[in-house]
Amino acid sequence: MKKLLLPFLCLCATISLAACSAQQEPDQEEQGRIEQFTDDVARDATDAINRPLDKARRVGEMSRQHTEDLEQDSIRD
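Attention in this report is confined to the structure presented alongside it. (Residues numbered from 1 in each chain as written. Predicted model: local features only at pLDDT ≥ 70, side-chain atom pairs only at ≥ 80, totals over all residues. Heavy atoms only, no water.)

## Focus on the overall build of the chain
Inference 1: When helices and strands are tallied, the chain shows one helix and zero strands.
Inference 2: In the chain, which comprises 77 residues, the share counted as buried stands at 0%.
Inference 3: For the chain, the exposed surface amounts to about 7,400 Å²; the carbon and sulfur share of it is 61%. (Helix = DSSP H or I, 4+ residues; strand = E, 2+ residues; numbered from the N terminus. Buried < 20%, exposed > 50% of the residue type's maximum accessible area, 1.4 Å probe, protein only. Areas by Shrake-Rupley, 256 points an atom, 1.4 Å probe, with all protein chains shown as cover.)

## Comments concerning the pattern of salt bridges
Inference 1: The tally for this structure, following the rule as stated, stands at four salt bridges.
Inference 2: In this structure, R43 and D40 form a salt bridge, with 3.0 Å as the shortest nitrogen-oxygen distance. Of this pair, R43 and D40 are both found in helix α1 (residues 2-76), three residues apart, which corresponds to roughly one turn of the helix.
Inference 3: Exposure remark for D40: the relative accessible area of 29% places this residue in the partly exposed category.
Inference 4: Across the pair E68 and R64 runs a salt bridge whose closest N-O atoms are separated by 2.3 Å. One end of the pair is E68 and the other is R64, both in helix α1 and four residues apart, which spans about a single turn.
Inference 5: By relative accessible area, E68 is classed as partly exposed at 32%. (Salt bridge = Lys/Arg side-chain N within 4 Å of Asp/Glu carboxyl O.)

## So, a nonpolar patch on the surface
Inference 1: Side chains of L5, F8 and L9 sit close together on the surface and give an oily, nonpolar patch of about 310 Å² of accessible area.
Inference 2: Mapped onto the elements, F8 comes out in helix α1. (Patch = residues over 30% accessible without salt bridge, like charges linked within 9 Å, V, L, I, M, F, W, Y side chains within 5 Å.)

Okay, structure coming up:
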């Protein structure tokens, strides 16, 4: 009975280690896809926020430029 106990324990340890290492690879692959999806969503959210802000900045710059042009025209007259 004692002769079978040590090989049985070694077999159980080997199976446990093999099962753990096999599960890590798909988790890393899945985690990579999740990180990529998270990056894509973050990029889309950032673009959705920055697009109106950039447009408002351009309009503000155009307004400022127009005001400066009007002031220069009134000085000349």
